[in-house]
Amino acid sequence: MPISQQPQGPFPAPGRLNEELTREQLANLVFLNPAYLSRLFRKETGMALTDYILQERMRTAAEQLIATNKSISEVADGLGYGDFSYFARLFRKVHGVTPHDYRKNVRSRA
């Protein structure tokens with residue numbers, strides 16, 4: 001199943017999506033061993049913790065591309081991606097199109 005179609009999970013908090021989130025940091029937040037947290041998260045959600053974080057960042061990026069007039073670079077920076085090319089590759093991996101094409105397609109339908 002594509003990453004963008006995976007179930008929603010309990011964290012990270014939307015306000016922290018611009019931070020570098022590691023398995024260890026998240027495990028410390030919930031007082032669990034990092035390896036155990038990863039196993040538990042996969043068991044409960046059916047997806048890897050890192051895939052979930054990516055999915056949430058790209059969902060937020062898609063929302064911002066639609067709802068704001070921020071440049072794509074501003075959206076990427078706001079989510080902690082300093083490298084625009086890397087952000088665009090990840091966005092395409094999740095949504096199947098580039099951020100530019102995503103915005104253009106959604107706005108042309110409106």
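What counts, and where the lines are drawn
- Residues numbered from 1 in each chain as written.
- Predicted model: local features only at pLDDT ≥ 70, side-chain atom pairs only at ≥ 80, totals over all residues.
- Heavy atoms only, no water.
- Phe/Tyr/Trp six-rings, centres within 6.5 Å; stacked < 30°, edge-to-face > 60°.
- Buried < 20%, exposed > 50% of the residue type's maximum accessible area, 1.4 Å probe, protein only.
- Helix = DSSP H or I, 4+ residues; strand = E, 2+ residues; numbered from the N terminus.
- Polar contact = N/O pair within 3.5 Å; in protein donor to acceptor, adjacent residues only side chain to side chain.
- Core = buried A, V, L, I, M, F, W, Y, C linked by side-chain atoms within 4.5 Å.
- Contact = heavy atoms within 4.5 Å.
- Salt bridge = Lys/Arg side-chain N within 4 Å of Asp/Glu carboxyl O.
- Arc of directions from axis to C-beta.
- pLDDT = per-residue confidence, 0-100.

K.L.:
For the packing of aromatic side chains, give the residues involved together with the corresponding values.
P.N.:
In this structure the tally under the stated criterion is five aromatic pairs. Measuring from centroid to centroid gives 5.6 Å for Y81 and F87, while their planes differ by 50 degrees, and the two rings are tilted. Of the two residues examined, Y81 and F87, each falls in the buried class. For the ring pair F87 and F91, a centre distance of 6.0 Å and an interplane angle of 45 degrees mean the geometry is tilted. Of this pair, F87 and F91 both sit in helix α5 (residues 84-95), four residues apart, roughly one helical turn. The residues F87 and F91 share a single accessibility class, namely buried. One aromatic cluster in this structure is built from Y81, Y86, F87, F91 and Y102.

K.L.:
Give a description of the side chain of T60 that names residues and reports values.
P.N.:
Within the secondary structure layout, T60 lies in helix α3 (residues 49-67). A polar contact is formed between the side chain of T60 and the backbone oxygen of E56, at a distance of 2.9 Å.

K.L.:
Go over the nonpolar core, please, and point to the residues and values.
P.N.:
By size, the foremost hydrophobic cluster in this structure holds 16 residues, and its most contacted members are M58, Y81, F87 and F91. Counting only elements with at least two residues in this core, the list comes to α3, α4 (72-78), α5 and α6 (99-109). Per-element accounting of this core gives the leading share, five residues, to α3. Beyond its immediate chain neighbours, meaning those up to four positions away, Y81 contacts L54, R57, M58, A76, Y86, F87 and L90. Counting residues in each nonpolar core, the second largest holds nine residues, with L21, F41, M47 and Y52 among its members.

K.L.:
Describe the pattern of salt bridges, and please don't skip the residues or the numbers.
P.N.:
Tallying each qualifying case throughout the model produces four salt bridges. One salt bridge connects D101 with K104, and the closest N-O pair in it is separated by 3.9 Å. On the criterion of helical spacing, the pair formed by D101 and K104 is a turn pair, its members being three residues apart in helix α6. Taking the relative accessible area as the measure of exposure, D101 reaches 29% and is therefore partly exposed. Take K104: its relative accessible area is 47%, and that puts it in the partly exposed class. The structure contains a network of salt bridges with shared partners spanning E56, R59 and E63.

K.L.:
Requested: an account of α6, with residues and values cited.
P.N.:
Among the residues of α6, P99, Y102, R103 and V106 are the ones counted as buried. End-on, the buried residues of α6 take up no more than an arc of 95 degrees, which puts them together on one face. The secondary structure elements touched by the buried residues of α6 are α3, α4 and α5.

K.L.:
Lay out the confidence of the model for the protein chain in plain terms, naming residues and giving numbers.
P.N.:
Per-residue pLDDT for the protein chain has a mean of 85; in total, 82% of the residues score no lower than 70. Note on residues 1-13: pLDDT is under 50 here. Beyond four places in sequence and across chains, it has 31 contacts.

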